[in-house]
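# Summary of structural features
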Amino acid sequence: MQAIWSERRKFETWRAIWAALARAQHELGLPVSADQAAALEARLAMTEDDFRRAADHERKLRHDVMAHVHALGDAAPQARGVIHLGATSQDINCNTEIPLIREALRLVCARTARVIAALADLAEQHADLPCLGFTHYQPAQPTTVGKRAAMWGSELALCLEHAEDALARLRLRGLKGATGTQASFLGLCRGDAATVAELERRVARALGWDESDLLIAVGQTYPRAVDAIVLSALACIAASLHKCATDVRLLCNLKELDEPFEKHQIGSSAMPYKRNPMRCERICGLSRWVISAASSAYDTAAVQWLERSLDDSANRRLSLPEAFLALDGCLELAHNVFAGLIVHEGAVRRNLAQEMPFLASEDLMLAAAALGRDRQQVHEAIRTLAQETALDIKDRGEPNTLLEKLAREPLLAGVDLSRALDPSRAVGLAPQQARRWAAEVAGPVRRRYQEQWGTLGDSAPSV
């Protein structure tokens, strides 16, 4: 991701556009010679001297595109007079940014898919392990560890679809001139609109885009709503990662889960026993930044005046690359966490067993109703005993004695209370859902992206 958003990639793409423009102009009989086009094609890679020359020109000209026009002219003096012929700055800049966004989005999709695959592995591995479910962060009906992983992955899979949709909808600005009318190119082509269209098609093809991928009606820039769409997709992924990482942090507190923990890793300088979920904390911190960047993109899209306002430029130089870079780090961390997540089955079972008498109350109530008891009376009897027991546990630290109390309740006579001790009877279809999601949703995602995972170039995340 750093390479995609590097200064080198940006400026060498500028040079590729100028070379493609010159080659197409020559082929269409415009005043650019074959030698001039070849000279530009020979100087696509920037040297350190090119960077220095461009910086020197920019200090004097105070215009980055023109600084690089002059630097390229210094490197290819025979082509100096035809560089940027007919173009405006955004014919260069916008047609650089959209391909960079496309490349960065592809990387985000591949990384997101790999996190989904790691969650699918967890879902299948622990599909049958009952655990305490929560609503309002209060004990609720049991689920399974695998179903919870599938729940996390299901949300990320929806976000991946959003990102893939944004990727599929990207369009190249093309050669449109200062206000989007193509007037400069029409003049260069002696009023021949067909030649203008062919010139634009050839440059687009040189950049790897089809004619159908070209925008038709724009101002000086591609619509900044595109940035809002893209950053919205990134923000959705970030929000889901934040939720997943927060859940892991909460379950670490209950001692049910642990992040991968290195042999010599230190959790606290003062408390040697600590195993803080620092990677998940970093995911949450970076994710919030990505989410905030989406708001900036909406604001920028909203305040573009008529054909263009330059107050977008400085903002986008931060919001676009930094949002992608931050999310890239989140996804790398998330894969590290979920591919190595430690499940402490003893703690999982202990926490669930402590609550099972409460959690079985609905099942017991239905069983009593099936024996002909008044459902509302049974509900009130169980509620009274459950609240009394909860206070005994909270206020006096007593063990959970709810089952003993329920055994003495006449309204529950004949009800098999042992079902309250068997969590596997209370998880519903959680095991089947976990396996089905892993097969039907994560499976196709894995097959689409797994060939790309070997090229992601991860480094071990620092704590």
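Conventions adopted
Residues numbered from 1 in each chain as written. Predicted model: local features only at pLDDT ≥ 70, side-chain atom pairs only at ≥ 80, totals over all residues. Heavy atoms only, no water. 1 Å grid on protein atoms, 1.4 Å probe; cavity = no way out; pocket = protein on both sides within 12 Å on 5 of 7 lines; lining within 4 Å. Points joined across faces, edges and corners; volume = space filled by probe spheres on them. Helix = DSSP H or I, 4+ residues; strand = E, 2+ residues; numbered from the N terminus. Nonpolar A, V, L, I, M, F, W, Y, C, P; charged D, E, K, R; others polar. Axes fitted to C-alpha atoms, helices over the stretch in contact; angles between N-to-C directions. Parallel < 35°, antiparallel > 145°, perpendicular 65-115°, else oblique. Left-handed = near helix turned anticlockwise from the far one by under 90°. Contact = heavy atoms within 4.5 Å. Phe/Tyr/Trp six-rings, centres within 6.5 Å; stacked < 30°, edge-to-face > 60°. Lys NZ or Arg CZ within 6 Å of the ring centre and 35° of its normal. Salt bridge = Lys/Arg side-chain N within 4 Å of Asp/Glu carboxyl O. Buried < 20%, exposed > 50% of the residue type's maximum accessible area, 1.4 Å probe, protein only.

For the rest of this paragraph, the subject is empty space enclosed by the protein. Applying the stated criterion across every chain yields a total of one cavity of 30 Å³ or more. Of the voids in this model, the largest cavity is the one considered here, and its volume is about 90 Å³. For the largest cavity, the full set of lining residues is Leu122, Val145, Arg148, Ala149, Trp152, Leu251, Glu256, Leu257, Leu341 and Val343. Top contributing element to the lining of the largest cavity by residue count: helix H6 (residues 145-168), with four residues. In terms of residue class, the lining of the largest cavity is made up of eight nonpolar, no polar and two charged.

So, about the layout of surface pockets. Counted as a void, the largest pocket has a volume near 710 Å³. As for the largest pocket, its lining consists of 22 residues, and the residues nearest its centre are Pro139, Glu355, Phe358, Ala386 and Gln387. Of all elements in the fold, only strand S2 (138-144), helix H12 (345-359), helix H13 (361-370) and helix H14 (375-396) reach the threshold of two or more residues within the lining of the largest pocket. For the lining of the largest pocket, the element with the highest residue contribution is H14, accounting for nine residues.

As a further point, take the packing of helix H1 (residues 7-27) against helix H8 (residues 193-206). For the pair H1 and H8, the least separation of the axes is 9 Å and the interaxial angle reads 140°. The orientation of H1 relative to H8 falls into the category oblique. Of the two elements, H1 crosses H8, and the hand of that crossing is right-handed. In this structure, H1 uses Ala20, Leu21, Ala24, Gln25 and Glu27 to contact H8, whose residues at the interface are Leu199, Arg202, Val203 and Ala206. Here the residues of the contact of H1 with H8 are counted per class, giving six nonpolar, one polar and two charged.

Aromatic ring pairs are reported here in terms of the distance separating the ring centres and the angle at which the planes meet. Scanning all chains against the criterion turns up six aromatic pairs. Considering the side-chain rings of phenylalanine 11 and tryptophan 14, the 5.0 Å spacing of their centres and the 65° angle between planes classify their relative orientation as edge-to-face. Note that phenylalanine 11 and tryptophan 14 are positioned in helix H1 at a spacing of three residues, about one turn of the helix. Taken together through their ring pairs, the aromatic side chains of Phe11, Trp14, Trp18 and Phe51 make up a single cluster. Residue placement shows arginine 102 over the ring face of tryptophan 209; its charged tip is 3.8 Å from the ring centre. Arginine 224 extends its terminal NZ or CZ atom over the ring of tyrosine 222, reaching a point 4.6 Å from the ring centre.

What follows concerns the pattern of salt bridges. Enumeration over the complete set of coordinates arrives at 36 salt bridges. Across the pair arginine 173 and aspartate 91 runs a salt bridge whose closest N-O atoms are separated by 2.5 Å. Of this pair, arginine 173 sits in the loop between H6 and helix H7 (183-188) while aspartate 91 sits in helix H5 (residues 89-125), and the two are 82 residues apart along the sequence. A relative accessible area of 0% means that arginine 173 is categorised as buried. Residue aspartate 328 is joined to arginine 111 by a salt bridge in which the shortest nitrogen-to-oxygen separation is 2.5 Å. Linking aspartate 328 in helix H11 (residues 313-339) with arginine 111 in helix H5, this pair joins segments that are 217 residues apart in sequence. Each member of the pair, aspartate 328 as well as arginine 111, is classed as buried. Among the ionic contacts, a cluster of salt bridges with common partners joins Glu27, Glu198, Arg201, Arg202, Arg205 and Glu211.

Everything listed is a geometric property; what it means functionally is a separate question.
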